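Summary of the model geometry
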Amino acid sequence: MLGINDPWILLGYGLSIGLALACVLYGLLNWNIGGDS
Amino acid sequence: MAVNSLTLIAVTAIYIAVMFYLGWLGYKKTKTSEDYMVAGREAHPVIIALSYGATFISTSAIVGFGGQAANLGMGLIWLTVLNIGLGILLAFVVFGKKTREIGQRLKAVTFPDLLGKIYQSQFMQVVTGLVIIVGMPLYTAAVLIGGAQFIRETISISYSTSLIGFALIVAIYVIFGGLIAVMYTDAVQGAIMLVGMTILLVATYLLLGGVNTANSSLTAMAPLVPENLAKGGMTGWTTMPVFGSSIWLTMITTLVLGVGIGVLAQPQLVVRFMTAKNSKSLNRAVLIGGPFILMMTGVAFTVGALTNVYFYQTLGKIAIQVAPGGNVDTIIPIFINQALPEWFVVLFMITLLAAAMSTLSSLFHTMGTALICDLWGRGRQCALSMRANQIGVLIMIIASVIIAFLMPGSIIAIATAMFMGLCASAFLPVFAVAVYAKKPDVTAAKASLITGAVVWFIWALFINTRYASVYGLCKALTGKASLLGLPWAAIDPLVIALPLSAAVVIILQIYADRRNGQAVSPVPAA
């Protein structure tokens, strides 16, 4: 896939992108939460 | 190709002028020592995210680890997984919010000050400050070397001039503007890095014929793996090394785990949480932090490995054969200078300057405040002596520059992993208990901190061959590179020291909780 055959390398790329998207999702879902100062 | 044009001078001058302007803004806004130390605890979420990310990612990540990826392949992408999963998600969500809350309540201004106040122990503050003063100059010197090497390669000036000039520019705005200046400049530098690394990824794949073609070409180069690396377990640049081999152990335990876990207890990053006004700011910062780190380390490791394809197609050599003296730290600078157009060389130099300066500024600030607030003042004088902290920053800058001149080649990634591993081993269990235990026990914390630091140093000085060779103590005393053979000699000190320090704090904390529980509410006799 995409010129890379080792599933461990592909998994590493998949997890990196997935976790970055999880950060975006977390930020959006909690955008207005925790307003105490 | 050395770029030496009016464009370069003009762009660099504009960049430095912008940094000085932001430094001046920080200087104007710094009225109290709390402003100087924790940016008045009112930083904007975007500034927190970019500042955290830009401090996190330095020339070490781009030049040092990019060079390691050129040598060892794309397996380093697992460091990106940990960087985002632990360095952003876990750091902000699990540790960040509690750190901000406790830091604000206790009015802590540095990481050692935070631990000292939570444990109500001057010992904790002083020893934590001491570990920072001893360990952080190594990492700082590595970042300085990374920036200076690229500047020398690009504008053909001497290494000494490039290193001293570089340190001087950062010194000016850190000393005068404190953490507000550091975070303002970090944010702009983070934005520049994002643009530079995005273009680098696209340009590299376009240059090498697209994603599929470039990756396939790299996969096909597996038979070209040098004999010494193949013997160590390397199988190619798009495959993982053989499980359990010496290269696998170095890649996973030192580069991936050492840096991936180490980032959780980095004093200069923990302080960022204390600059947030509320938890909402940290939630919002996560949104930017994850994709930012992906575009920094993910791109550096991918492009690093792909430089092999470029050098093989143009020179008939793999990347490490192009590097003078086999110094992996020079691979990325050489690739950028040879393969990409001049305008990008200029942009990338600014990107790299930004990466190095954003990390350096925070390291200088953290070391200086640790020296003055935590060691000299032991907490008492932090609030009174902004001038003293400025002098502390200056002293640590001079020390770092001297160490940078003394360090050997191919050191950037190793020195980075060393400092991060030391931080994780010494601080992480203590920090986790400090922010989450109901009654953190000071004896447990002292024992864990000392266990983590001492075991890490013993393993680094006498067992791990790579680290032991940097210090030279094992060779000098015993005549051997390591006191133990493989696989122990390839295992990072973190893998041994962190579980031990964690076990110590957990066992003693449980014991203390039981003892306190019995003291407060004794179980009535039947």
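Residues numbered from 1 in each chain as written. Chains lettered and ligands numbered in written order. Predicted model: local features only at pLDDT ≥ 70, side-chain atom pairs only at ≥ 80, totals over all residues.

Here we take up the overall build of chain A. A tally of helices and strands in chain A yields 1 helix and 0 strands. Seen through its C-alpha atoms, chain A measures out along the principal axes to roughly 50 × 15 × 10 Å. Within chain A, the proportion of its 37 residues that are buried is 27%. (Helix = DSSP H or I, 4+ residues; strand = E, 2+ residues; numbered from the N terminus. Buried ≥ 20, exposed ≤ 12 C-beta atoms within 10 Å, placed from the backbone.)

Counting secondary structure elements, chain B contains 22 helices and 0 strands. Taking 526 residues into account, the globule formula puts the C-alpha radius of gyration at 24 Å, and chain B, at 23 Å, falls close to it. With respect to the three principal axes, the spread of C-alpha positions in chain B is 80 × 55 × 45 Å. Counting over 526 residues, chain B shows a buried share of 60%. When contacts within chain B are restricted to residue pairs at least 6 apart in sequence, long-range pairs at least 24 apart make up 81% of them. (Rg over C-alpha atoms; globule rule 2.2 N^0.38 Å. Contact = placed C-beta atoms within 7 Å.)

What follows concerns the packing of helix α8 (residues 159-207) of chain B against helix α16 (residues 342-376) of chain B. All names here are of chain B. Between α8 and α16, the least distance of the axes is 6 Å, while the angle of their chain directions is 145°. For the pair α8 and α16, the sense of crossing is left-handed. Split by residue class, the contact of α8 with α16 holds 20 nonpolar, 9 polar and 1 charged. (Axes fitted to C-alpha atoms, helices over the stretch in contact; angles between N-to-C directions. Left-handed = near helix turned anticlockwise from the far one by under 90°. Nonpolar A, V, L, I, M, F, W, Y, C, P; charged D, E, K, R; others polar.)

On the side of chain A, 28 residues touch chain B, which itself brings 32 residues to the contact. Broken down by element, the side of chain B that touches chain A gets its largest block of residues, 11 residues, from helix α13 (residues 279-315) of chain B. Classifying every residue of the side of chain B that touches chain A by side-chain character gives 14 nonpolar, 15 polar and 3 charged.

A word on the nonpolar core. As a rule of thumb, soluble globular proteins bury nonpolar side chains together. Residue and element names in this part refer to chain B. Counting residues in hydrophobic clusters, the biggest one holds 203 residues, and the most contacted among them are L76, L144, M296, F364 and A415. Top element by residues in this core is α8. It accounts for 21 residues. Among residues more than four places away in sequence, those in contact with M296 are I57, A61, M193 and M197. (Core = buried A, V, L, I, M, F, W, Y, C linked by C-beta atoms within 7 Å.)

Residue and element names in this part refer to chain B. A positive phi angle, close to 55°, is found at K107, a residue other than glycine. Of note, K107 is situated in the loop between α5 (77-106) and α6 (111-118). The backbone of Q120 shows a phi angle near 50°, a positive value even though the residue is not glycine. Here Q120 shows up in the loop between α6 and α7 (122-155).

Position of A:G34 among the secondary structure elements: in the segment after α1 (7-29). For A:G34, a count of 18 C-beta atoms within 10 Å translates into the label partly exposed. When sequence neighbours within four positions are dropped, the list of residues in contact with A:G34 reads B:N278, B:S279, B:K280 and B:N283.

Residue and element names in this part refer to chain B. Positionally, A447 belongs in helix α19 (residues 442-462). In this structure A447 comes out as partly exposed when scored by C-beta crowding, with 17 C-beta atoms within 10 Å. Distance in space between the C-alpha atoms of A447 and S121 is 13 Å, their sequence separation being 326 residues. What A447 contacts, discounting residues up to four positions off in sequence, is V504 and L508.

What follows covers helix α15 (residues 331-339) of chain B. Within α15(B) the residues assigned to the buried category are B:I331, B:I332, B:P333, B:I334, B:F335 and B:I336. Here the buried face of α15(B) lies against α4 (59-72), α7, α13, α14 (319-322) and α16 of chain B.

Attention now goes to the confidence of the model for chain B. Residues and elements named next belong to chain B. Model confidence for chain B is summarised by a mean pLDDT of 85, while 95% of its residues fall at 70 or above. For chain B, per-element mean pLDDT is lowest for helix α2 (residues 33-38), which scores 70, and highest for helix α9 (residues 211-220), which scores 95. Counted against residues more than four places away or in other chains, residues 520-526, with its pLDDT under 50, gives 0 contacts. Interface confidence for the predicted complex, given as ipTM, is 0.94, next to a pTM of 0.83. (pLDDT = per-residue confidence, 0-100.)

Residue and element names in this part refer to chain B. Taken N-terminus to C-terminus, the directions of α5 and helix α11 (residues 246-262) make an angle of 10°; their axes are 9 Å apart at the nearest point. Put simply, α5 runs roughly parallel to α11. Judged by residue contacts, W78, L79, L82, N83 and L86 of α5 engage L255, V256, V259, G260 and I261 from α11. (Parallel < 35°, antiparallel > 145°, perpendicular 65-115°, else oblique.)

So, about the environment of B:T7. Residues and elements named next belong to chain B. By the secondary structure assignment, T7 is in helix α1 (residues 6-29). On the neighbour-count criterion, T7 (12 C-beta atoms within 10 Å) is exposed. With 239 residues separating them along the chain, T7 and S246 place their C-alpha atoms 46 Å apart.

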